[in-house]
Amino acid sequence: MTTMTRWWRDAVFYQVYPRSFADSDGDGVGDLPGIIAHLASLAETGFDAIWLSPFYRSPMADFGYDISDHSDVDPVFGTVADLDALLVEAHRLGLRVIIDLVPNHTSAEHPWFRSSRASRQSPHRDWYVWRDGSPDGGPPNDWQSQFPRVGPGWTFDPPTGQWYLHSYLPDQPDLDWDHPEVVEAMSEVMRGWLRRGVDGFRIDVPQRLAKDRLFRDNEGLAQEPDPRFVGRRYDEDQDHVVDRLRAIRAVTDEFPDRVLVGEVYVLDQRRMARYVAGGDRLHLAHDFTFLRVPWDVAAIRAAIEGALEALGPDGWPTWCLGNHDHGRIATRFGTDGRGEARARLIQMLLLTLRGTPFIYQGDELGLPDSVVPPDRVVDIHDRDRVRGPMAWAPPSVAGAGAGFTTGYPWLPLTDQAERLNVETQLADPASMLSLVRQLLRLRRSTPALRQGDLRLLDGPPGVLIYRRALDGDRLTVVLNLGIDDIIVSTPWVPPCGRILLGTTPGREGESVDGALRLSACEGAVVRTDDDR
Ligand code: GLC
């Protein structure tokens, strides 16, 4: 019997995108030794765990989400020994490490697929999804790749005269999870890394593991909550996905204290919640309704309420507003020049909600999207701009690579690296990084922020307000999303209280006697004071 703690409920996760984190050997691409060199700074900042995007051996058609050998590290990132060293160092520093697991597909260069496509009699033929074309000679059905530029989700393979399914690039053929040998093979992949000491997995596109067994056409059905479409697509999120999740969870539970977080890209929060229900599926699910929310109090509130309701009183939310696939927070919410102020509010929101926060590398600095000139575009799905490398030191001191690399970076850094870098921000108490460090410290030292109840209030227009409470400790988080200065008064703020932390530096300790003054895009955490 293994022991299970729920450490992940108290943790704040930091997503490391290895290609863009830190380059130790000057080839312009980040690597595992580069990550190891900065683990202490992540621990010192106050993160509890990291999620590593893929480092496996890969032709890099989808920058590592196309895996050709699940048990090896790609040479561009280092070696398996480097990964072992990373785990040792992270654990020594008290950081847990989860890694990406990509169960839906492999690279077309994976030996399984090479064997599968070689002949219809191959022992691996049915590990992937092969079908005859439609009578008119086209693909078997109307399923499309997730990447619009790819078009159909099927590619004809002349050697064996059939079509294979790929939910993403043709270089990423989908595995067939109805085949027990696939489930077993992927279970062995998981066991291999769990034995090496990883603390769990971020599961790539789990909703794709269950497709309609009749292969019905989508006929325009969309997952988007768009009134023009009714119903759900057939190429994902079918009810038997629960069996897949159970299989993945069962393997994970062979090891103590491991966690599974799913990239559950299902925009109906009740369906999303099924991925973490029942205690036998995933532990956590990224909620893309929340991630895609616009800058609007009602929408943010509805997304939070929707998640809490769908997950129920025993469920545990996960809060994430950025990753390597979506526009940067400071850019997305900053079309009118208020991006930095909003990014600060967003960090306060993420780190004061009830649930496990995930922060994407660079968002702790308030990085905007990189500007990527056409001749440097490498991704088919317009995601290069959110994958711009980290800046560790000012270019005026560290050179154009800003401490990320001594070479030529695989993607351009932000043109604001002189200010938006770790070293400069560490030295500046008013910086975004200093705010994030303070928020992390506050969360760690305040059980009410981690485990307390959450109650959303109907605030004045433009203001998001919620209360967190545990064992008599009562906190009110007030976030002014609007562009006007305001005074928020009782009953929203306590008649007697004080500011624990504000997004504007220096407001800690200020008393709040029934009124809280906030500038545009300013927020504060207020503790109710019982002593006066
Ligand atoms: C997930 C990853 C994304 C990748 C896709 C296919 O959405 O986050 O980067 O392209 O899956 O693996």
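Structural notes on the packing of helix α2 (residues 32-45) against helix α3 (residues 80-92)
Piece 1. Viewed as axis vectors pointing N to C, α2 and α3 meet at an angle of 10 degrees, and their least axial separation amounts to 9 Å. Overall, the two elements α2 and α3 adopt an arrangement that is roughly parallel. Along its contact with α2, which presents L32, P33, I35, I36 and L39, the element α3 presents D82, L83, A85, L86, E89 and A90.
Piece 2. For the contact of α2 with α3, the class distribution of residues is nine nonpolar, no polar and two charged.

Some words on the site of the ligand
Piece 1. Taken together, 14 residues surround the ligand, and among them D62, H105, D204, E263 and D325 come closest.
Piece 2. Within the side chain of R202, one N or O atom sits 3.0 Å away from an oxygen atom of the ligand.
Piece 3. Protein contact buries 96% of the 310 Å² of open area that the ligand shows by itself.
Piece 4. Judged by its atoms lying within 2 Å of the grid points, the ligand is housed in the largest pocket.

Re the sheet that holds strand β15 (residues 463-470)
Picture the strands of a sheet paired through backbone hydrogen bonds; they go either parallel or antiparallel.
Piece 1. Taken in spatial order, the six strands line up as β14-β15-β16-β21-β18-β19 in an open sheet, and their pairing is antiparallel. Whereas interior strands pair on both sides, the edge strands pair on one side only; in this sheet they are β14 (453-457) and β19 (511-512).
Piece 2. Of the pairings in the sheet, the one linking strand β18 (residues 497-502) to strand β21 (residues 523-528) comprises five bridges and is antiparallel in character. Paired with G502 across the two strands is A524, which belongs to β21.

Re the pattern of salt bridges
Piece 1. Under the counting rule described, the total for this entry stands at 45 salt bridges.
Piece 2. A salt bridge links E44 to R437; the shortest N-O distance between them is 3.1 Å. With E44 in helix α2 and R437 in helix α14 (residues 432-445), this pair connects stretches of sequence that are 393 residues apart.
Piece 3. Looking at R437, the relative accessible area reads 14%, which means it is buried.

What counts and how
Residues numbered from 1 in each chain as written. Predicted model: local features only at pLDDT ≥ 70, side-chain atom pairs only at ≥ 80, totals over all residues. Heavy atoms only, no water. Axes fitted to C-alpha atoms, helices over the stretch in contact; angles between N-to-C directions. Helix = DSSP H or I, 4+ residues; strand = E, 2+ residues; numbered from the N terminus. Parallel < 35°, antiparallel > 145°, perpendicular 65-115°, else oblique. Contact = heavy atoms within 4.5 Å. Nonpolar A, V, L, I, M, F, W, Y, C, P; charged D, E, K, R; others polar. Near = heavy atom within 4 Å. Polar contact = N/O pair within 3.5 Å; in protein donor to acceptor, adjacent residues only side chain to side chain. Areas by Shrake-Rupley, 256 points an atom, 1.4 Å probe, with all protein chains shown as cover. 1 Å grid on protein atoms, 1.4 Å probe; cavity = no way out; pocket = protein on both sides within 12 Å on 5 of 7 lines; lining within 4 Å. Sits in = over half its atoms within 2 Å of the grid points. Pairing = 2+ DSSP bridges. Salt bridge = Lys/Arg side-chain N within 4 Å of Asp/Glu carboxyl O. Buried < 20%, exposed > 50% of the residue type's maximum accessible area, 1.4 Å probe, protein only.

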